Number of protein chains: 2
Amino acid sequence: MRKAPQQARSRETVERIVAAGRQVLVADGYDAFSTNRVAAAAGVSPGSLYQYFPDKASILEVVIDRYWAEVADRVAASLADRIGEAGPAMVRATADALVAALEADRALLRVVAEELPVQRNRERRAVLERRVRELVTTYLAARPDSSRRPSPAVASWIVVLAIENLALRWVLDQPGTVGRDALLDEMVALVSGYLLA
Amino acid sequence: MRKAPQQARSRETVERIVAAGRQVLVADGYDAFSTNRVAAAAGVSPGSLYQYFPDKASILEVVIDRYWAEVADRVAASLADRIGEAGPAMVRATADALVAALEADRALLRVVAEELPVQRNRERRAVLERRVRELVTTYLAARPDSSRRPSPAVASWIVVLAIENLALRWVLDQPGTVGRDALLDEMVALVSGYLLA
DNA sequence: TCGTGACGCGAGTCATCGCTCGCATTCAAC
DNA sequence: GTTGAATGCGAGCGATGACTCGCGTCACGA
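Our subject in this report is the structure included herewith. (Residues numbered from 1 in each chain as written. Chains lettered and ligands numbered in written order. Predicted model: local features only at pLDDT ≥ 70, side-chain atom pairs only at ≥ 80, totals over all residues.)

Looking at the overall build of chain A
Move 1: Of the regular secondary structure elements, chain A holds 9 helices and 0 strands.
Move 2: Shown N-terminal to C-terminal, the secondary structure of chain A runs as helices and strands in the order α-α-α-α-α-α-α-α-α.
Move 3: Seen along its three principal axes, the alpha-carbon backbone of chain A occupies a region of about 60 × 40 × 25 Å.
Move 4: The buried share among the 197 residues of chain A stands at 34%.
Move 5: Intrachain contacts of chain A at a sequence separation of at least 6 include 66% that bridge at least 24 residues. (Helix = DSSP H or I, 4+ residues; strand = E, 2+ residues; numbered from the N terminus. Buried ≥ 20, exposed ≤ 12 C-beta atoms within 10 Å, placed from the backbone. Contact = placed C-beta atoms within 7 Å.)

So, the environment of B:Leu25
All names here are of chain B.
Move 1: Along the chain, Leu25 turns up in helix H1 (residues 8–28).
Move 2: When the 24 C-beta atoms within 10 Å are taken as the criterion, Leu25 is described as buried.
Move 3: The spacing of Leu25 and Leu60 is 35 residues in sequence and 8.9 Å in space, taken between C-alpha atoms.
Move 4: Discounting residues that sit within four places of it in the chain, Leu25 has contacts with Tyr30, Phe33, Val63, Leu108 and Val111.

Examining the interface of chain A and chain B
Move 1: Each partner contributes residues to the interface: chain A has 28 residues there, and chain B has 29 residues.
Move 2: Breaking the side of chain A that touches chain B down by element, the ones donating at least two residues are helix H8 (152–173) and helix H9 (180–196) of chain A.
Move 3: The element that contributes the greatest number of residues to the side of chain A that touches chain B is H8(A), accounting for 9 residues.
Move 4: Class assignment of the residues belonging to the side of chain A that touches chain B gives a composition of 19 nonpolar, 4 polar and 5 charged. (Nonpolar A, V, L, I, M, F, W, Y, C, P; charged D, E, K, R; others polar.)

Observations concerning the relation of the copies chain A and chain B
Move 1: Its rotation angle being 180°, the transformation that places chain A on chain B also includes 0.0 Å of axial translation and leaves an RMSD of 0.1 Å. Such a combination of turn and shift is consistent with a two-fold rotation axis.
Move 2: Most of the interface of chain A is mirrored in chain B, where 100% of its interface residues are also at the interface. (Least-squares fit on C-alpha atoms with pLDDT ≥ 70 in both.)

Looking at the protein's contact with DNA strand C
Move 1: The environment of DNA strand C is made up of 21 residues, and the closest members are A:Ser45, A:Gly47, B:Ser34, B:Gly47 and B:Asp55.
Move 2: Every element with two or more residues in the surface near DNA strand C is listed here: helix H1 (8–28) and helix H3 (46–52) of chain A together with helix H2 (35–42) and helix H3 (46–52) of chain B.
Move 3: Classifying every residue of the surface near DNA strand C by side-chain character gives 5 nonpolar, 12 polar and 4 charged. (Near = placed C-beta within 6 Å.)

A few points about helix H9 (residues 180–196) of chain B
Move 1: Here H9(B) is 17 residues long and its end C-alpha atoms lie 24 Å apart, about the 24 Å a rise of 1.5 Å per residue gives.
Move 2: Inspection of H9(B) places B:Leu183, B:Leu184, B:Glu186, B:Met187, B:Ala189, B:Leu190, B:Val191, B:Tyr194 and B:Leu195 among the buried residues, and these make up the whole buried set.
Move 3: Those residues of H9(B) that are buried lie in contact with H8 and H9 of chain A together with helix H5 (87–103) and helix H8 (152–173) of chain B. (Expected span 1.5 Å × (residues − 1).)

As for the protein's contact with DNA strand D
Move 1: Residues in close proximity to DNA strand D total 21 residues, the closest being A:Ser34, A:Gly47, A:Asp55, B:Ser45 and B:Gly47.
Move 2: When contributions to the surface near DNA strand D are tallied by element, the ones reaching two or more residues are helix H2 (35–42) and H3 of chain A together with H1 and H3 of chain B.

Structural notes on helix H4 (residues 56–81) of chain B
Move 1: Between its first and last C-alpha atoms H4(B) spans 38 Å; for 26 residues at 1.5 Å apiece the expected length is 38 Å, and the two agree.
Move 2: Its buried side turned inward, H4(B) meets H1, H2, H5, helix H6 (106–114) and helix H7 (119–141) of chain B.

Topic: unusual backbone geometry
Glycine aside, residues mostly have negative phi, and peptide bonds are mostly found in the trans state.
Residues and elements named next belong to chain A.
Move 1: The backbone of Gln174 sits at a positive phi, close to 45°, despite the residue not being glycine.
Move 2: For Gln174, the position within the fold is in the loop between H8 and H9.
Move 3: You can call Gln174 exposed: it has 10 C-beta atoms within 10 Å.

Let's talk about the environment of A:Gln51
Residue and element names in this part refer to chain A.
Move 1: In this fold, Gln51 is placed in helix H3.
Move 2: Linking Gln51 and Ala4, residues 47 residues apart in sequence, is a C-alpha distance of 8.9 Å.
Move 3: Setting aside residues no more than four positions away along its own chain, Gln51 makes contact with Arg2 and Lys3.

Section: the nonpolar core
Move 1: Formed by 113 residues in total, the largest nonpolar core has its most connected members in A:Ile158, A:Ala162, A:Leu190, B:Ile158, B:Ala162 and B:Leu190.
Move 2: The contacts of B:Leu190, once residues within four sequence positions are left out, are A:Ile158, A:Ala162, A:Leu190, A:Tyr194 and B:Ala162. (Core = buried A, V, L, I, M, F, W, Y, C linked by C-beta atoms within 7 Å.)

Quick look at the packing of H1(A) against H2(A)
Residue and element names in this part refer to chain A.
Move 1: Where H1 contacts H2, the axes come no closer than 8 Å and their chain directions differ by 115°. As H1 runs across H2, the sense of the crossing is right-handed. Each of Arg16, Ile17, Ala20, Gly21, Gln23, Val24 and Asp28 in H1 lies in contact with H2, whose residues at this interface are Arg37, Val38, Ala41 and Ala42.
Move 2: Taken together, the residues of the contact of H1 with H2 break down into 6 nonpolar, 2 polar and 3 charged. (Axes fitted to C-alpha atoms, helices over the stretch in contact; angles between N-to-C directions. Left-handed = near helix turned anticlockwise from the far one by under 90°.)

Concerning the environment of A:Trp170
All names here are of chain A.
Move 1: Locating Trp170 in the fold gives a position in helix H8.
Move 2: For Trp170 and Asp185, which are 15 residues apart along the polypeptide, the C-alpha to C-alpha distance reads 13 Å.
Move 3: Once you skip the residues sitting within four places of it in the chain, Trp170 turns out to touch Val99, Pro175, Val178 and Leu183.

Comments concerning the packing of H8(B) against H9(B)
Residues and elements named next belong to chain B.
Move 1: Contact pair H8 / H9: the axes reach a minimum separation of 11 Å and the direction vectors enclose 165°. Looking at the two axes, H8 sits roughly antiparallel to H9. Between H8 and H9 lies a crossing of right-handed hand. Mapping the contact onto sequence places Ala155, Ile158, Val159, Ala162, Ile163, Leu166 and Trp170 in H8 and Leu183, Met187, Leu190, Val191, Tyr194 and Leu195 in H9.
Move 2: Grouping the amino acids of the contact of H8 with H9 by side-chain chemistry returns 13 nonpolar, no polar and no charged. (Parallel < 35°, antiparallel > 145°, perpendicular 65-115°, else oblique.)

Nothing here speaks to function; it is all geometry.
Printed below as a string of structure tokens:
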């Protein structure tokens, strides 16, 4: 941010710009994401935009950060709530929360996951993964049979990445052969089978 | 392609352009992938470039197509070779082939997987997935206990997507806690545990 | 009420880039 | 050797887009 907005008026301008950025991204795609277009969609002049954002990329960063923060919050909240429950139930609930979070804005997810060439995007996704992975690691380490073969750190890496991709592809590709409940069932089977193998 | 090269001279020009495209992509990233830059890297004038390629995107497409075709060929070849072997050995060999194929050009993989906003990229990756998934589906359908819960189509979808992401992330992120052999071990455990669950 | 700084505007600058076109050069067939 | 097609060149056109700057307008404290 180049300058912090001080009055309520300018705070709303910044909000409008970010919202317009999100909208332009969804409606027109990444290639059409130009500062002029974002400014127009926000009902703001290009000059005003540059009072608060140093460059085009920084607008994109805010949009991306907010999006992944939303997803991460929903998943982490669900996971933290059920930290005491039995394995399979917890896996199912977490997967459910992840799928739901990704379903919330499928259009934006598509652009963010398949179209954005920005490094910041990967960083933000990595933050989500790490957050979940750490929770899973501590859970696995506390298991009674934690001496078993896959070490908690490795096992959580495997489980989180596998589930993440399944959820992502399911939401974006909507394979006709796999219903939502079936997906969650298979995810539970995958994780349970792996941990008990 | 706008025009097919007829003489050996022009065939080599086209090759140089494609190679330069690949190199520019790796060295400078997607944002710097301009026709002028590719032409310069190929030691060719922009005009010559447009004799054979209708536009910038088509150059990118050729580069992407070739890359995923390389990966798909290696994986499919390995899988076809071992179609008769026992489950775990086949899983391990296939995962090994996939990881090896992705490791072959890590720099290009990074750009292709994390930076390219092109639709064509997803299409090509989907082709690879489908090829492998069909082989896996027929294998699963032929199993003695094929009446078991995960239907072959669903099971292969799950297995392929999970393994794919693990291989991709392992190659790109190189997590220190997971060695190459350990990765393959865990992949086998994941798949076996799931199918026998 | 008035003055000062925050805010907003939008035409315009500068650079880049995709792509073309007229011309020079090379190749191959006769 | 001549000729026509294939190939190659590179200056430059037209468009776009990131970003600026000088100038109005508005809010708020005194």
